[in-house]
2 protein chains.
Amino acid sequence: MRMSKLYMPTLREVPAEAEIPSHKLLLRAGMMRKLVSGVYSYLPLGYRVIKKIENVVREEMDRAGSQELLMSAIQPKELWEASGRWDNFGPEMFRLKDRNDREFCLGPTHEEYFTDLIKNEIKSYKQLPLNLYQIQTKYRDEKRPRFGVIRAREFIMKDAYSFDKDEEGMEKSYREMWEAYEKIFTRLRLKYKVVEGDSGAMGGNKSHEFMAMAETGEGVIAYCNNCDYAATNEKAKVVYEIKTKDEEEKDMEKVHTPDITTIDQLVEFFRSDKGNFGKALVYLASGEPIVVIIPGDRELNETKLCNYLKIPEHELEMADEETIIKVSGAKKGFTGPVGLREGTRLIIDSRITKMKNLIVGGNETDYHIKNVNYGRDFEGEIAEDLLLVEEGDICPKCGEPLYIARGIEVGNIFQLGTKYSTSLQATFLDEDGKEKPFVMGSYGVGVSRTMAAIVEQYHDEYGIIWPLVVTPYHVIITVINVKDEVQRDLGEKIYEELSNEGLEVLLDDRNERAGVKFNDRDLIGIPIRITVGKKANENIVEFSLRKEEGRIEIPTDKIMDNIRKSFEEEGLEI
Amino acid sequence: MRMSKLYMPTLREVPAEAEIPSHKLLLRAGMMRKLVSGVYSYLPLGYRVIKKIENVVREEMDRAGSQELLMSAIQPKELWEASGRWDNFGPEMFRLKDRNDREFCLGPTHEEYFTDLIKNEIKSYKQLPLNLYQIQTKYRDEKRPRFGVIRAREFIMKDAYSFDKDEEGMEKSYREMWEAYEKIFTRLRLKYKVVEGDSGAMGGNKSHEFMAMAETGEGVIAYCNNCDYAATNEKAKVVYEIKTKDEEEKDMEKVHTPDITTIDQLVEFFRSDKGNFGKALVYLASGEPIVVIIPGDRELNETKLCNYLKIPEHELEMADEETIIKVSGAKKGFTGPVGLREGTRLIIDSRITKMKNLIVGGNETDYHIKNVNYGRDFEGEIAEDLLLVEEGDICPKCGEPLYIARGIEVGNIFQLGTKYSTSLQATFLDEDGKEKPFVMGSYGVGVSRTMAAIVEQYHDEYGIIWPLVVTPYHVIITVINVKDEVQRDLGEKIYEELSNEGLEVLLDDRNERAGVKFNDRDLIGIPIRITVGKKANENIVEFSLRKEEGRIEIPTDKIMDNIRKSFEEEGLEI
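Residues numbered from 1 in each chain as written. Chains lettered and ligands numbered in written order. Predicted model: local features only at pLDDT ≥ 70, side-chain atom pairs only at ≥ 80, totals over all residues. Heavy atoms only, no water.

## Section: the overall build of chain A
Secondary structure assignment for chain A yields 14 helices and 31 strands. Buried residues in chain A amount to 58% of all 574 residues. With an accessible surface of roughly 24300 Å², chain A has 43% of that area assigned to carbon and sulfur atoms. Here chain A carries 82 positive and 104 negative side-chain charges, and the mean point of each set is 3 Å from the other. (Helix = DSSP H or I, 4+ residues; strand = E, 2+ residues; numbered from the N terminus. Buried < 20%, exposed > 50% of the residue type's maximum accessible area, 1.4 Å probe, protein only. Areas by Shrake-Rupley, 256 points an atom, 1.4 Å probe, with all protein chains shown as cover. Lys, Arg positive; Asp, Glu negative; His and termini not counted. Charge placed at Lys NZ, Arg CZ, Asp CG, Glu CD.)

## Considerations on empty space enclosed by the protein
Residue and element names in this part refer to chain B. Scanning the entire structure with this criterion turns up one cavity of 30 Å³ or more. Within this model, the largest cavity holds a volume of roughly 30 Å³. Lining the largest cavity we find eleven residues, and of these Glu 111, Met 157, Ser 442, Tyr 443 and Gly 444 sit closest to its centre. Of all the secondary-structure elements, those providing two or more residues to the lining of the largest cavity are strand 8 (154-164), strand 21 (402-417) and strand 24 (439-446). Taken together, the residues of the lining of the largest cavity break down into five nonpolar, four polar and two charged. (1 Å grid on protein atoms, 1.4 Å probe; cavity = no way out; pocket = protein on both sides within 12 Å on 5 of 7 lines; lining within 4 Å. Points joined across faces, edges and corners; volume = space filled by probe spheres on them. Nonpolar A, V, L, I, M, F, W, Y, C, P; charged D, E, K, R; others polar.)

## As for the domain arrangement of chain A
Domains assigned within chain A are domain 1 (21-217 + 404-456), domain 2 (253-383) and domain 3 (473-569). For domain 2 of chain A and domain 3 of chain A, the distance between their C-alpha centres works out to 65 Å. (Domains from an automatic or database assignment.)

## Structural notes on the pairing of strand 30 (residues 540-545) of chain A
All names here are of chain A. By the bridge criterion, four bridges tie strand 29 (residues 528-532) to strand 30 in an arrangement that is antiparallel. In the sheet register, Ile 530 faces strand 30, and the bridge partner there is Phe 543. The pairing of strand 30 with strand 31 (residues 551-555) spans five bridges and is classified as antiparallel. Looking across to strand 31, one finds that Glu 542 is bridged to Glu 553. (Pairing = 2+ DSSP bridges.)

## Quick word on helix 13 (residues 514-524) of chain A
Those residues of helix 13 of chain A not exposed but buried are Val 516, Lys 517, Asp 520, Arg 521, Asp 522, Leu 523 and Ile 524 of chain A. Downstream of helix 13 of chain A by a residue or two, Gly 525 of chain A has a phi angle that is positive, lying close to 75 degrees.

## Regarding the interface of chain B and chain A
The interface of chain B with chain A comprises 55 residues on the first partner and 55 residues on the second. Interface area for chain B against chain A, summed over the two sides, is near 4500 Å², with a carbon-plus-sulfur share of 60%. Three residues stand out in chain B for area buried against chain A, namely Tyr 7, Leu 70 and Arg 99 of chain B, and they jointly supply 17% of the buried area on that side. At the boundary of chain B and chain A, one finds six salt bridges. Here Glu 68 of chain A and Lys 51 of chain B are joined by a salt bridge, their closest N and O atoms 2.6 Å apart. Our enumeration of links across chain B and chain A arrives at 20 residue pairs in polar contact (both at pLDDT 80 or more). Considering only residue class, the side of chain B that touches chain A consists of 33 nonpolar, four polar and 18 charged. (Contact = heavy atoms within 4.5 Å. Buried area = accessible area lost by both parts, 1.4 Å probe. Salt bridge = Lys/Arg side-chain N within 4 Å of Asp/Glu carboxyl O. Polar contact = N/O pair within 3.5 Å; in protein donor to acceptor, adjacent residues only side chain to side chain.)

## Remarks on the sheet that holds strand 18 (residues 358-361) of chain B
Residue and element names in this part refer to chain B. Pairing within the open sheet is antiparallel, and its three strands lie in the order 13-19-18. Each having just a single partner strand, strand 13 (253-256) and strand 18 make up the two edges of the open sheet. Here the strands of the sheet are splayed against their neighbours by 30 degrees on average, with no regard to which way each runs. Of the pairings in the sheet, the one linking strand 13 to strand 19 (residues 367-372) comprises four bridges and is antiparallel in character. Bridge pairing in strand 19 places Glu 253 opposite Lys 370. (Axes fitted to C-alpha atoms, helices over the stretch in contact; angles between N-to-C directions.)

Right, here's the structure in full:
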């Protein structure tokens, strides 16, 4: 492709909206553009990357025995009502009506639809296992779209669904998809971790997330360096030492704490450790007020709370002041477990039951209570674990300390079991002559998000550094002075020769200053670079790699050898 | 692919909903499935066809210098308000709101969005011409979805947009796309005609449609065998001889015609030719009643009427009885041009002005009037041509008779001019230093519809007959008896050898009766067939083509020669 013709509107300025490197660079390099919040277009260079990612995904899915098809994005309400997700998905689902007022959604995922598809067509255990996938545009009306295509409202996803006759079959399908995903992300040269995930809106029992490591990632994971334990912070089981557990119970004592409401103020006032406080949080859960008590030095994990309450996350919200006053009789900051208004649902993280002589809100404005003890002074529902994991917590598997890292969720796999097949009555006839529901799994790869994750891992201050496997073009030939006939002709000649070798080549034949061309080439991140300059008359060019500092002068007949070496280094063939 | 694993749910029964061969066969062959009216999924075999069609389109678009990208399907209302199409598109546009109540549509087409995309990025005439395309899912909430993917509500389309600095450039871009389309449809082996089209909702001046010839097509075209004139019936200019034009004007005469309202009853009552009547039609145009008068032996062309009225088609509807009584003072069937209620807009097809001694409705229940003449007895707005073309009309170009045929619109090309660039203020700086609006064209190929059009042209009573260029698999190997080890092994061996040659091969290794396998193979239409039967022990197989009657016995070492011949015959390489 001649760059004089290429639609590649690079930007010198960093767009104000962009917060993280991938977002900035994909915009600046003319790879994508925003239409409205969370809605993007892929321009020619960016779309080439997307298609290459899709092809890696496609090849590994095919190899794993999954069959590609394409479902509609539009799905009727009835399908989602059958599974109970029409309501559960909440405002994250785009909904619309057709001209006859029939209600539809734009598919945020396709569990219901795939189940419905095979429902009347797969009748016997002999036709199982079956694994189907599609690469398709998905829609989620995110509350806070951000980070470009990482949290977008319209995005490209590969989603796959497996159908087995029993749990054992599902486990095998799950393992096969896990392995396919490892191949996919390894081929895409992503540094990633596989971590236990929360099943969230998908339902089912077990799930894992493939997290591309990135400091800018929205996903937080806890992992152990001693064993293979790794989980998202939504999922990670929290284990830590309770310091006060062996103290003796003292007498309760009401303390006047005028205007002292934040944990920092309280720590100073009581000259006590955060870990001696009981933090009360007031929420509305599906509209009903609840009070949650957790240790003062820990954060609440809302995902765990929603799982405990069995409600979708969009039905949990912080209570307003009015509700707080109603349940506690006091202003915000003075809620505690003792003396709540009768009938108020109190949920207690299990750690609280082991902590002695807690300091808690007094349910009276400007008062706290010291030396409060579970059992003696209050009771309530005990939730095993409602806490967010922290660095230094104890690995629930081996007991060593956990580390915390951030990542971008590029893939996920779910063991769904029979949740969807049961609710949609999708059954097959098993060997024993009985009708049974399919045992299902579902498997996603965020295609457009993967593009951004690659950029997060492969960039520097000047621009993107594409791995060869997904680069929009393999080679860029920069002709320093296009008005110099010798340089121009040599550039054209190399362009033709390399193209004939099956390489994807950009020829920078633009009538621009060398500096502009060098900046653009750094920005768009083409891995292999050939510079045609003053030594063109000697058939000598400069050869360099985007990922390395150095550059060498080589005769043109050595170009292919050098290119081959680069391909080999990344495990690819030309 | 082993058919024992393939998800290919063929149907023995013809689905009740399917009216035409492509719809029936694509469903029966397990290539696609309906979710709801006008919304389909492509199953593995069908999606392979779709991807092959996409690739032919992609190759020819790339070759023509167009650059691929991908825009979002979601588009904000504001873009469409700027062009005036938010209202004009009417109920055919799917509309939705996001969680913040912002209004969007699902793109039925992308003129506005492409114009907006390049608006601030292409600044100089030096960057022109530019041609961009995408292959994308489009949405139109059709009033009457039908014929499977031919008139669907969610469908796959390739849409391209050209940007030029002047009309001359646009004409050239238009011509280039025309040629690319000829290559596309020729490669896809479609018999097609290029016809003048009506620009309809796109606006602009000139357009052509690529019509795949099919008796079942919704599109009607008029064409001349003597010259190259061809046009859709919406567009075709109507020219014919008026028989009564030289008659002398007689005196008007009111005739009692009790309950005689249809044209057939009138012909019998008056013992007169249909061509002597003036047919009055009452419509509501954007809510206002109008009366249209056309010759009694012709049909009204509603597209021409809307173009004349400058309203979108969804704003034209037949008037109800109440409106008819209001404008004519008489029941339905007695409306005429003489004595309409004052102020009623009367639109007269120009042919009416040349016809003498018309018989028309009397605007009085149970009365008609004879010998009515334009000018003497009534006046109104003259519209040059509001008629539907008919076989035998005179070619407007050469004067020979026109023929009528039916087709499926698989492609269209539009000269948009500056309609969108002006309304969206998309300008560039021209050589003379002046800001000018881009001169645009837009170009569509219905990808999913093309699949159906191919089936319309390539099928017989037993199933589909895919051309090699788009077939889901090139070769099918049928093992007659999979329990016979010799047959099974030979089938496997040929399967492996042909796959290694780069062919796409289906191996029918299912434990089914030969009859079932033969029926399925006819139905799914794989072009090249190898049957492994009793002579397997002699390394002899049966070779046959789906499109031909005969079959031959050949030794296995001659299989590739025969396959190569088939590829050559369709102009392809293996």
